[in-house]
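In case you want the letters, here they are:
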Amino acid sequence: MILRLAFGSLLARALTVGMTILAIALSVALFLGVEKIRTGAKASFADTISGTDLIVGARSGSVQLLLYSVFRIGNATNNVTWESYQDLANRPELEWIVPISLGDSHRQFRVMGTSAAFFEHYKYRQGRSLEFGIGVVMDDLFDTVIGHDVAQTLGYNVDDPIVVAHGLASFAKHKDQPFRVSGILEKTGTPVDRTVIVSMQAIEAIHVDWQSGAKTPGKSTPIDAIRQMDLTPKAVTAALVGVKSPLKTFSLQRAINEYPEEPLLAILPGVALQELWGIVGIAETALLAVSMMVVVTALIGMMATIFSSLNERRREMAIFRAMGASPIAILGLLILEATLTAAAGAVLGLGLLYVGLFIAQPLIDSAFGLYLPIEAPATRELLVLVAVIFAGAIVSMVPALRAYRLSLADGMMVRS
Amino acid sequence: MSKDSIIDLKDARFRWPGRASFALSVPEFLVEKGQSVLLLGESGSGKSTLLSMICGTILADSGSVSVNGTDLKTLSGWSRDRFRAEQIGVIFQQFNLLPFGSVTDNILLPLKFAPSRRKRCHNPSRQAAELCQALGLPEGIASSKAANLSVGQQQRVAVARALIGAPPILIADEPTSSLDELAQSNFLDLMFHQVAAQETTLIMVSHDPRLADRFDRTVHMNDIATIQRQAS
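Here the structure is a predicted model, which is why all the values come from computation and not from measurement. (Residues numbered from 1 in each chain as written. Chains lettered and ligands numbered in written order. Predicted model: local features only at pLDDT ≥ 70, side-chain atom pairs only at ≥ 80, totals over all residues. Heavy atoms only, no water.)

Asks: I'd like a rundown of the overall build of chain A, residues and numbers included.
Replies: Tallying secondary structure elements over chain A gives 13 helices and 16 strands in all. Taking 416 residues into account, the globule formula puts the C-alpha radius of gyration at 22 Å, and chain A, at 31 Å, lies well above it. Out of the 416 residues belonging to chain A, those deemed buried represent 51%. Counted over contacts in chain A with a minimum sequence separation of 6, partners at least 24 positions apart contribute 77%. With the model as given, the accessible surface of chain A reaches about 19,200 Å², and the carbon-plus-sulfur share is 63%. (Helix = DSSP H or I, 4+ residues; strand = E, 2+ residues; numbered from the N terminus. Rg over C-alpha atoms; globule rule 2.2 N^0.38 Å. Buried < 20%, exposed > 50% of the residue type's maximum accessible area, 1.4 Å probe, protein only. Contact = heavy atoms within 4.5 Å. Areas by Shrake-Rupley, 256 points an atom, 1.4 Å probe, with all protein chains shown as cover.)

Asks: Tell me about the packing of helix α3 (residues 103-113) of chain B against helix α5 (residues 124-134) of chain B, and please be specific about residues and values.
Replies: Two measures define how a pair of helices packs: the angle their axes make with one another and the distance between the axes. All names here are of chain B. Where α3 contacts α5, the axes come no closer than 10 Å and their chain directions differ by 115 degrees. Where α3 crosses over α5, the two elements pack in a sense that is right-handed. Between α3 and α5, the contacting residues are Val103, Ile107, Leu108 and Leu111 on the first element and Pro124, Ser125, Ala128 and Cys132 on the second. Among the residues forming the contact of α3 with α5, the class breakdown is seven nonpolar, one polar and no charged. (Axes fitted to C-alpha atoms, helices over the stretch in contact; angles between N-to-C directions. Left-handed = near helix turned anticlockwise from the far one by under 90°. Nonpolar A, V, L, I, M, F, W, Y, C, P; charged D, E, K, R; others polar.)

Asks: Mind laying out the sheet that holds strand β3 (residues 36-40) of chain B, listing which residues take part and the relevant values?
Replies: Residue and element names in this part refer to chain B. Sheet architecture is open: five strands sit in the order β6-β7-β8-β3-β9, paired in parallel fashion. With one partner strand each, in any of the chains shown, β6 (88-91) and β9 (217-220) form the two edges of the open sheet. Neighbour-to-neighbour, the strand axes of this sheet turn through a mean angle of 15 degrees, independent of strand direction. Contacting β6 and β7 (169-173), helix α2 (residues 77-87) crosses the sheet at an angle of about 80 degrees to β6. (Pairing = 2+ DSSP bridges.)

Asks: How would you summarise empty space enclosed by the protein if you had to cite specific residues and measurements?
Replies: Residues and elements named next belong to chain B. A full pass over the atoms with the stated rule returns four cavities of 30 Å³ or more. Quantified by volume, the second largest cavity comes out at close to 50 Å³. Lining the second largest cavity are Met53, Ile58, Leu59, Ala60, Gly63, Ser64, Val65, Asp71, Leu72 and Lys73. The biggest single contributor to the lining of the second largest cavity is strand β4 (residues 62-67), with three residues. Of the residues assigned to the lining of the second largest cavity, the class counts are six nonpolar, two polar and two charged. (1 Å grid on protein atoms, 1.4 Å probe; cavity = no way out; pocket = protein on both sides within 12 Å on 5 of 7 lines; lining within 4 Å. Points joined across faces, edges and corners; volume = space filled by probe spheres on them.)

Asks: Talk me through the state of the cysteines; I want residue IDs and the actual numbers.
Replies: Residue and element names in this part refer to chain B. Scanning the model with the defined rule gives zero disulfides over all chains in all. Left unpaired, Cys55 is separated from the closest cysteine sulfur, that of Cys121, by 20 Å. No disulfide involves Cys132; its nearest neighbouring cysteine sulfur is the one of Cys121, lying 13 Å away. The class for Cys132 is buried, based on a relative accessible area of 6%. (Disulfide = S-S within 2.5 Å.)

The structure is reproduced here in structure tokens:
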């Protein structure tokens, strides 16, 4: 009955209590949302590449190498010569090696030259392989496999022709050699979705008539002639490497970093990802701190509301006192009310989070390639809710103690 | 202390803390068991302080206040609250009820804090309904919200609440002041009827001496208590 009366009292002040609940709910939803994006971003970040032991490129910074080889952000300052690549490929510690050649684009998407081994060895999200939605691996020299987002955005289907542009955002197009889409990959949530994949030879082929970044005027080698040429690559941008035994990873990394013929850099993807996350993570921590402050603000708002309601509720307190309720019971009643309010806010906030997720999930996925799973709240999130409710109870102690003192001083003979 | 006095104040003094210092001292005030007493006094004559002392929401600074044989001094704060719930039904001048609660919730509220009183009425909701009926409240009022009742109805619900579980003492603080004359007399008839049925000791505060006929005894505040005011 006391619980029912507490409910009744809250209902009687439905407007202010409702506003308080809404404020708490929004702050909780914001906090959980930020937390969700944070963990989602971190997971999808770490899931971008797995199963690769080393990434090798020309010497630069490890984060830079990771950014351009895996995330296709920024550009390589230098390439690795084909000779060095061959040297590396012949090392006994190696299990497999996949070359990557970057530098061209199709519309807003990067073109990546690689070998068929890429589809076998590139793994993401704890060892998942790339899968074809439709079509197959490129078979012909001028075949291409495109990522899910490329197909979605540009509306491509298997067998559609596409023209590759030289460089990025360039007007110089390799018009003479149109490609054919041979396969479209399933969505992965990784940068592969936004990549146009061709063979290493194709990269060479489209550059046959090109000299230092510009098309040689008047020269146009017919496609048949190109097919007859030796299209061994002259250089690769980076290489993904798998070793036979994990124990060999470090010695191989060391050997590559000390390679005498050419300045090379080998990085452990996991370590570089950590390093990169360390940079991105500061913003994320700041965001979390801000959303936590919003929760605190909402709780303080609730405290203010309780304070301002105390005066109009002196009569109510006096009735409870006259009926034999001790001041402690009054204290408990107020804390109970605040706890109910905070609990309602927390639950509503959780509801808002899921509504928000349902609406925003596809948008975030397509805009940022960030997949936020909609699943039952994790222990961590439940702990957050419990913490909010608990904090609500603690915060309400301040006005409740005031009510306690008032009801001690007033006794039961308040005249109002 | 005479054996059949249910309320017994001796040399009880109380001073309100704070700047507007107001002290009440009651050399002696006895009420016999089953008696009905009308306590007359102007506003500011210390009626509320006296009632608070009897109810144990404030504790006399010196002297003794005994209620139904128990010296309130000997009880802890929590026990005094429990004691009040068990022994005393209270009716205020007005605004007696929790407006958001139903009539039944309001009537049963003191039983929450008084286990013996609850035990005494075997079926609390039924007794609440019977009291409502006896007090002339319309049928089916039990589940209405207290805020929707007229003032007269609210005061009668307050009587039902004060009397449920038959506490030995009923304290009414000007319960009729918000009612018109007809309703007043009607209300008092009903209240007295119930008080007589339960053999309750009644102390009612008023400033209307015309009511004296209905009571066993009339006491003027000026006769039993002295007040000291200190301008500080």
